[in-house]
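Remarks on the overall topology
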Amino acid sequence: QVQLMESGGGSVQTGGSLRLTCTASDNISSINIMSWYRQAPGKQREVVAVIDSGGSTAYADSVKGRFAISGGSAENTVYLQMNSLKPEDTAVYYCSIRARRRSGLYDYWGQGTQVTVSS
């Protein structure tokens, strides 16, 4: 069973930066998209950034211009560079890799990494 392992979370002050890394424990073939989600206490999980197999990216409006997703299916690794962090960015951040299987699309999930931004 392939596992996704996130790292890079932590505590920073407003305006600080963090870089999250997500790596698969084994090769994942036929990757469709790689994503970062986050879930704040009492809120639903929301998508933060997405990168597809062609390198196209998309971001939630709340992080545009501050966060950057990168990585590639060849490396089975996805990064999230977070700059100009705000207290409202505080959440558990999850990476996800969607791959094509004979039965359809399958989503792999990481265990989450805590990001805390203090004012």
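This structure is a prediction, so every number in the text was calculated from the model and none was measured.

Overview of the overall build of the chain
In terms of helices and strands, the chain carries 0 helices and 11 strands. Along the chain direction, N to C, the helices and strands of the chain fall in the order β-β-β-β-β-β-β-β-β-β-β. Expected size for 119 residues packed as a compact globule is a radius of gyration near 14 Å; at 14 Å, the chain falls within 12% of this value. Counting all 119 residues of the chain, 39% fall into the buried class. Sequence-distant contacts in the chain: of pairs separated by 6 or more residues, those separated by 24 or more amount to 55%. Carbon and sulfur atoms make up 45% of the accessible area of the chain, which amounts to about 6,400 Å² in all. Averaging the coordinates of the 11 positive side-chain charges in the chain and doing the same for the 9 negative ones gives two points 3 Å apart.

Looking at the packing of aromatic side chains
What the rule picks out here adds up to 2 aromatic pairs. The positively charged end of R45 is found above the aromatic ring belonging to Y94, 3.8 Å away from the centroid. A cation over a ring is seen here: R45 above W109, with NZ or CZ 4.9 Å from the ring centre.

Procedures and definitions
- Residues numbered from 1 in each chain as written.
- Predicted model: local features only at pLDDT ≥ 70, side-chain atom pairs only at ≥ 80, totals over all residues.
- Heavy atoms only, no water.
- Helix = DSSP H or I, 4+ residues; strand = E, 2+ residues; numbered from the N terminus.
- Rg over C-alpha atoms; globule rule 2.2 N^0.38 Å.
- Buried < 20%, exposed > 50% of the residue type's maximum accessible area, 1.4 Å probe, protein only.
- Contact = heavy atoms within 4.5 Å.
- Areas by Shrake-Rupley, 256 points an atom, 1.4 Å probe, with all protein chains shown as cover.
- Lys, Arg positive; Asp, Glu negative; His and termini not counted.
- Charge placed at Lys NZ, Arg CZ, Asp CG, Glu CD.
- Phe/Tyr/Trp six-rings, centres within 6.5 Å; stacked < 30°, edge-to-face > 60°.
- Lys NZ or Arg CZ within 6 Å of the ring centre and 35° of its normal.

These results come straight from atomic positions and should not be treated as a statement about function.
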